[in-house]
Structures are given as C-alpha cells and as structure tokens.
Amino acid sequence: MFLYKTITSLVTAPITQNIALIRISGSQTYPIINQVFDRPLPEYPQKKPQLIFGKIVNSQKEIIDEVLLLCFYKPNSFTGEDVVEISCHGNLFVVNQILQLIQEKGAELAKEGEFTKQAFFNGKLNLIQANSINDLIRAPSLEGVKLALHNLSPKSQQKLADIENELLDIIATIKVNIDYPEYDGVEYLTGKAVLPRLNKLLEKLNTIKKDGQKARFYQEGLKVAIVGKPNVGKSTLLNALLQEEKAIVSPVAGTTRDIIEARYNLNGIPLTLLDTAGIHETQDIVEKIGVTRSYQALEKADIIFFLVDNSRSWDKKDSNIYQKIKEKNFLLIINKIDELSKLKFPSILSAKKVCRISAKNQQLGELEKEIKELFASDLINNLSPYPYLSQNVACGDLETSYKLVKELSGKEYNEDLLDIIFTFGNHTV
Ligand code: GDP
C-alpha cells in the first residue's frame, strides 16, 4: 500500500472573501486536526462524511477562527486518504494562521496538483480524469465544461478498462500460439483473428482521440490565422468579430505590423484569432518581421481565413498567398460585398466554397455559420486517426501499448508524464 505524506493547502483563491476552504489530506489528518480543534471529533473512522462545527485553537488555546469541518474517511474521499476540509472565514490572516498551525503539527504544504496526484495513486482517478479536472476548472466556454464533465465520468474509466482487457487478451492469445503452435497456425491467428480485433480496438482509440482533440479545441480554442493581401480588411474583420478596436484599422497598407492575438467566443466555440501583418513582398524592415511572423501564425493555425477583396481584382498578391496556403485547411472569405464587385476568381478556386461578408458593416452571418459547421463536423473529422493495421504486428509492440494504456489508467506510472499532468496550470486541486 502506498503511504502518502499528509498535505495541506488553501484550495480556494488566495484573496479576501467570505469563506475560504483549507484541505488536509493524508494518514496524519485526524491526529493533526485533533490537536487544533477545540472539541473531540467523532470516533475514527466513520462510514459517512461528518460535518462538525467548532473552533480552531492554537497551542495556547487561543481561538483562531470558528469553522466548519467536513470530515471524510479513507478510502471514501477525493484523494482516497483521510481528508478534512475546513471552511473558515476568508480573511487571509486567518487562513495563514490555520495553515501555519497545521504545518506545525506535521502536514506539508501541498504542491501544485498534489491532491489530485494522491487521488491518482490511490486509484481514484485515471490520468484522463485527472486532466479533465484541470479542463473543468479552466474551460473557457460552457461546451468545454460539459466535455470535461463527460471525460470525468466513470464511463471514461470503463472505456479504458475495456481496451486494457482486450489488449491483454490479444497478447495472451498470441503468446499461447507462439508457445503451442501445434494448436493453431500463428499465421492464421495473426491474419484472420487478431488483426480484426486490433482494428476494432483502434476504432475505440480513435473515438477517444477525437474526444481528446475536441476537448483541446474547447479548452485552447481553435487557432484561426487571418491572412490576405494588405487592405483586404483583416483588421476590420477581427474588430468586427471581437466588437472592439483591438487592431488598428487604416486605409494605409501595412498598418498591422505584428500579429494580434485575441480570444473570441462564438456561441460557445472558443476561437483564438491571429490577425497577421499580411503576406506580401516588402522592403520595410519592420514590416518584414511582421511578414515572417505571419508565416509562423500560419504554421500554428488549425484553420486559415483567406480574405480576398470584392472591390479589387484578383492579383499576384492573392495568388502568392494562395500558393502558400493551398495545402492547408483554409476558408475562402470574400470581404467588402457592400462594394461593387471587381473580383473574378481564378479557375483553381471556382469549386471552393466561399463565405461572403462585409466586415465594415458587420455582415458576418455566412462566416459565423461556416465556423459553427466546421467545428461540429469537418474539422474534427479531418483530424488524422490512427491508421488501420494491415500487416502482422509484433507482440512486443502490443506489450508496449498495453503498458501505455496502464499508465493512462493509473496502474503503472511514468514520473515525467505525471509531472506534466499534475503541474498543469500552477494550481493546487
Ligand atoms: P488589412 O490591411 O487587411 O488589415 O485591412 P484593414 O482592416 O485595415 O482595412 C483596410 C480598409 O478597408 C479600411 O479602410 C477599411 O475600412 C476598409 N474595409 C474593411 N472591410 C470593409 C468592408 O467590408 N467594406 C468596405 N467597403 N470597406 C472595408
């Protein structure tokens, strides 16, 4: 059994507020609480959580605060350890005194994510769920919250357990065939029985991967680079979407010299918009830096908004940009539809779906509709799935996969991976 040190931390924000919550978790929780609480606790252990009103007192029996204790008994707690949550008054002097006192009695200040780490080691959460807690706290949209809650559910634990069992069964079957080939041809088994089973597993993994990617979009936002020749209306579009003057709009070409990054929430779809300096030839040194950064924005983007100008004809500058992005995921947007059309597309683009907008007049309906559709379908479906297996697979590869699945479910662990997951976002959960 894994013996964990007793840790404590303020789990609400370190600001003055009505109530603050301090958590203490580990084998020494009750011995410590007994020393700082002014009345006896219920007999240890209890089956159900207990709510107790009383006072926190220091060694000189001076009252520090009136508090409510919510007592949990292992393994029935978030961390799987004995846990007490102290609801105290949210004055930081009070909070600090209580934390200090608990540490004097033997608890250590919890590091970032250390409560979740305890929960993980005690089999209360798998890595997907631990990550979902971070996502749940930070989701920038309601959809993101829903998705994180979905991933947190025991169903995700079950999905992983099913994959793990199936993988183990396949490995066992192969090994039996290697050890006792007279029972069945190894070739036969690999080709006819094992591959379909493995491909079914891959399908399940692809669903999990898709859910994960979707969660990433909802957490981090879809990165959108807005590109187009100078004066096509990139900054105006950014401002129209954000409904604020984030980018400087002017009729002078080359006004936007750096990348402007802005978060934007379209009916629950978080987007990170990257307005770029425009991709064009220039002799201006500062502008050149902007152009280089535009290229970097293109590399980072999940999707590119390629803006063209309805009031000007298609020219070499448009062609150059098209050449740079034609292999990428881009959306063709005709801006300035309020003006007389002088635009004639080259034939290569005639089959491409277009969104027609007027950024200046806030006429963005077609674009918003397209973003929603992209988010719901194509973009997610276009994510590269794990390819199906068509050749023989080495048993060793399956054993490696099995080990990795066990790491996800928490049955084995890799310290580096844990550090990344549990220190995500500088906080203690
Ligand atoms: P950028 O260089 O691509 O960022 O272009 P700007 O956003 O700075 O816009 C260049 C010029 O085009 C400005 O004078 C804008 O007011 C104008 N403009 C932008 N969008 C529209 C539009 O939808 N219709 C019209 N008529 N003018 C627009």
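Residues numbered from 1 in each chain as written. Predicted model: local features only at pLDDT ≥ 70, side-chain atom pairs only at ≥ 80, totals over all residues. Heavy atoms only, no water.

### Notes on the pairing of strand β4 (residues 63-72)
Here strand β3 (residues 50-57) runs beside β4; their pairing, made up of eight bridges, is antiparallel. Residue pairing in the sheet places valine 57 in a bridge with isoleucine 63 of β4. Alignment of β4 against strand β5 (residues 83-90), held across five bridges, turns out to be antiparallel. When the bridges of β5 are listed, leucine 69 appears paired with isoleucine 86. (Pairing = 2+ DSSP bridges. Helix = DSSP H or I, 4+ residues; strand = E, 2+ residues; numbered from the N terminus.)

### Side note on the confidence of the model for the chain
With 83% of its residues at a pLDDT of 70 or more, the chain has an overall mean of 82. Contacts from residues 425-429, a stretch scored under 50 in pLDDT, to residues over four places away or in other chains number 20 contacts. (pLDDT = per-residue confidence, 0-100. Contact = heavy atoms within 4.5 Å.)

### Here's the deal with the site of the ligand
In the vicinity of the ligand there are 18 residues, among which Asn231, Lys234, Thr236, Asp338 and Glu339 approach most closely. Glutamate 339 is positioned such that a nitrogen or oxygen atom in its side chain is 2.8 Å from a nitrogen atom of the ligand. At a separation of 3.1 Å, an oxygen atom of the ligand approaches a polar side-chain atom of serine 358. Ranked by residue count, the leading element in the shell around the ligand is helix α8 (residues 234-242), at three residues. Split into classes, the residues belonging to the shell around the ligand amount to five nonpolar, seven polar and six charged. (Near = heavy atom within 4 Å. Polar contact = N/O pair within 3.5 Å; in protein donor to acceptor, adjacent residues only side chain to side chain. Nonpolar A, V, L, I, M, F, W, Y, C, P; charged D, E, K, R; others polar.)

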